[in-house]
Amino acid sequence: MENTNILYSLIIDYGYLALFLSLLVEGTGMPGPVEILFLAAGYLISRGQMSFLAVVLIAALGNVSGNVLAYIIGAKSGRTFVEKYGHFLKITVKDLEGMDRWFSKYGGVTNLLGRLIGLPRTPAIWASGITRMDFKSFFCVFCHRRSFVVIFLDICFVFSVDADFEDRLNRQDVPMVELFINACRFYPIYVRRLEDIFMDERKILDIEIKIVRDVRTLLSIKDIWHQLEENSKVYPFNTFEWVVNWWKYFGGGKKLWILLVVGDQSPIGIAPFMITFGEMGLPVKRIKFIGSNNSDYLDFIVRYGYEDVFYRTLVKYLESTIDRFTVLDLEHLPESSGIYPYIMDSWLYYDYDIQDVCPYIKLPATWDEYLSTLDSKFRRNIKYEIKRFFTKCDGSFMCIADENEIDDSMDRLIKLHQARWRKRHMPGAFYSKRIRDFHKALAFDFFNRGILSLFELKDSDKIVASLLSYHVGRKRYYYISGYDLDYSRLSVGAVTLGLSIKRSIEVGDEVYDFLRGDEKYKEDWTKDKKRNMRLIASYPSIAGRFYLYYIIAENKIINKIKDRFSHD
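Quick caveat, the model's predicted, so the values are computed rather than measured.

(A) Representation of the packing of helix α10 (residues 222-230) against helix α11 (residues 240-250) in the model. Where α10 meets α11, the closest approach of the two axes is 10 Å, and the angle between their N-to-C directions is 135°. Here α10 is positioned oblique relative to α11, judged by the angle of their axes. Only Phe 240, Glu 241 and Val 243 of α11 make contact with α10, whose side of the interface consists of Lys 222, Trp 225, His 226 and Glu 229. Of the residues that constitute the contact of α10 with α11, the class distribution is 3 nonpolar, 1 polar and 3 charged.

(B) Inspection of helix α17 (residues 433-449) at higher detail. The first and last C-alpha atoms of α17 sit 24 Å apart over 17 residues, in line with the 24 Å expected at 1.5 Å per residue. Looking at the buried residues of α17, the elements they touch are α11, α16 (406-423), β9 (452-459), β10 (462-472) and β11 (475-483). Positioned one or two residues after α17, Gly 450 has a phi angle of 80°, which is positive.

(C) How the structure looks around the packing of aromatic side chains. For the structure shown, the criterion picks out 35 aromatic pairs. On the basis of an interplanar angle of 45° and a centroid distance of 5.5 Å, the ring pair of Trp 246 and Phe 250 is categorised as tilted. Of this pair, Trp 246 and Phe 250 are both found in helix α11, 4 residues apart, which corresponds to roughly one turn of the helix. For the pair shown, Trp 246 and Phe 250 are each scored as buried. Ring geometry for Phe 273 and Phe 300: centres 5.7 Å apart, planes at 90°, overall edge-to-face. Of this pair, Phe 273 sits in strand β3 (residues 266-277) while Phe 300 sits in the loop between β4 (285-289) and β5 (301-302), placing them 27 residues apart in sequence. An aromatic cluster is built from Phe 237, Trp 242, Trp 246, Tyr 249, Phe 250, Phe 438, Phe 446, Tyr 470 and Tyr 479, whose rings are joined through pairwise contacts. The ring of Trp 421 has Arg 420 lying over it, and the distance from NZ or CZ to the ring centre is 5.4 Å.

(D) Broad picture of a negative patch on the surface. Together, Asp 402, Glu 403, Glu 405 and Asp 408 line one region of the surface with negative charge. Within the secondary structure layout, Glu 403 lies in the loop between β8 (395-399) and α16.

(E) Structural detail: helix α15 (residues 376-392). For α15, spanning 17 residues, the distance from its first C-alpha to its last is 24 Å, which sits close to the expected 24 Å at 1.5 Å a residue. Those residues of α15 that sit buried are Phe 378, Ile 382, Glu 385, Ile 386, Arg 388 and Phe 389. In an axial view of α15, the angular spread of the buried residues amounts to 165°, which keeps them on one side of the axis. Exposed side of α15, more than 90 degrees from the buried face: Lys 377, Arg 380, Lys 387 and Thr 391 are the residues found there. Here the buried face of α15 lies against α14 (367-371), β8, β9, β10, α18 (492-506) and α19 (522-525). One side-chain oxygen at the N-terminal end of α15 lies 3.1 Å from the backbone nitrogen of Lys 377; it belongs to Asp 375.

Procedures and definitions
- Residues numbered from 1 in each chain as written.
- Predicted model: local features only at pLDDT ≥ 70, side-chain atom pairs only at ≥ 80, totals over all residues.
- Heavy atoms only, no water.
- Axes fitted to C-alpha atoms, helices over the stretch in contact; angles between N-to-C directions.
- Helix = DSSP H or I, 4+ residues; strand = E, 2+ residues; numbered from the N terminus.
- Parallel < 35°, antiparallel > 145°, perpendicular 65-115°, else oblique.
- Contact = heavy atoms within 4.5 Å.
- Nonpolar A, V, L, I, M, F, W, Y, C, P; charged D, E, K, R; others polar.
- Expected span 1.5 Å × (residues − 1).
- Phe/Tyr/Trp six-rings, centres within 6.5 Å; stacked < 30°, edge-to-face > 60°.
- Buried < 20%, exposed > 50% of the residue type's maximum accessible area, 1.4 Å probe, protein only.
- Lys NZ or Arg CZ within 6 Å of the ring centre and 35° of its normal.
- Patch = residues over 30% accessible without salt bridge, like charges linked within 9 Å, V, L, I, M, F, W, Y side chains within 5 Å.
- Areas by Shrake-Rupley, 256 points an atom, 1.4 Å probe, with all protein chains shown as cover.
- Salt bridge = Lys/Arg side-chain N within 4 Å of Asp/Glu carboxyl O.
- Lys, Arg positive; Asp, Glu negative; His and termini not counted.
- Charge placed at Lys NZ, Arg CZ, Asp CG, Glu CD.
- Arc of directions from axis to C-beta.
- Polar contact = N/O pair within 3.5 Å; in protein donor to acceptor, adjacent residues only side chain to side chain.

Function-wise, these values are silent; they only describe arrangement.
In structure tokens, the structure reads:
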């Protein structure tokens, strides 16, 4: 059984060369479970990674070469070898003479039966050479029969099971006895592999994958995307608005590759992918989420109740797509994502690593109840700071409710945020015009969807602190904030954050999410944390394993850099 797994892996890893060499050895009559080669070849044919015609021709050429090689060796040295050492096998000169007479009369029939039954195959090949059977008869009856009929049918058998099993069984021109004999010689591995393939095909029989490759098509599925958002677990960072705006501002040099999975004429899920090339000096294509590096939670949008069929279909498609120069690189993937077990159950190599730590608050029913969960010293401090601000200042706290105010409010947020970071000689989150334009455009789209929550803390008419958050379902996601450095002695940053948490409790939210980043100040507000992972999958080869190690090492270096600044 171990040998069959080795042969299967050889075809998967080395393709045509492994097929030719294996069939060459098998053609000399050496025993081995070569039928597993055709199973692997059929699997790769059905996924477009090998050519059907090329497999048939190369397999035939390898087998013919092995048959001819065995015949030549038998004809040149076989009789001398048997005459010298045959007594060890109890073969006498009289037996050789009888074999000569038999093969001169029935050589063709003997070879044919040996090929079909399998057991007499090896002695028949060598005996043909030793007895110097007519080479034309040998080639036509043995090599032709084996190479251009049985090989063809073996591959067709595996290919048809993977593509259209029932149609194959209904055909009347298939010699089923021959198929049965060849397929069942090593039936344990066949049954297990064919069962997996057949059952997987039945489960995704009515599923279609549509690929979105351009912006026009992306815009045309806006309503479908929104419909799925309403019936799926969704984050601000995989909403239609985030994806479209991100692609507009950061999609340069990347290839749009969104997979829309449709079942029973209705969409069941979206894989918002893009393809990049040459990242971090690695000369491979990477299949990534749209929004990688600029987003906090990236995951698939899957209609409730269809998780199993969606992930099975998606992973099966990825198996057919990921080649020796392609890597699946999923960043900021929540550890609660449903994709993990399906990748782990696939034939792809995979690895994963922690990428982000994400603190969050499980909100209670009241503000006082939440305060009671905090450290006593911090609880006293935050209550004191809120009271002091509204005592010393003509304070007010509000959420932007007018679309006409969004542009100015975003400008104030950006200015307040950047001022603090520039004082520390750091670039800040809004360091480029492209990033600023992205967030301002997104703010308008999110406002119209009811997702934007832009809070401002005022002293009379002066904005002293601003906090940007996104509200999806019953969860609030705290994205970024800024405050006037002249008011830092009044802790206006902490006051604004505390009041935004209080507002979430008042509107009935269940979670207040601090998003990625394990900064020290967040520990004062909550002890609960979850993790984002970086999941990588590659083609099962030595190069694929190298890609995994490379990207995991890359991730660890980036994490060390982020930790250095987040705890500075």
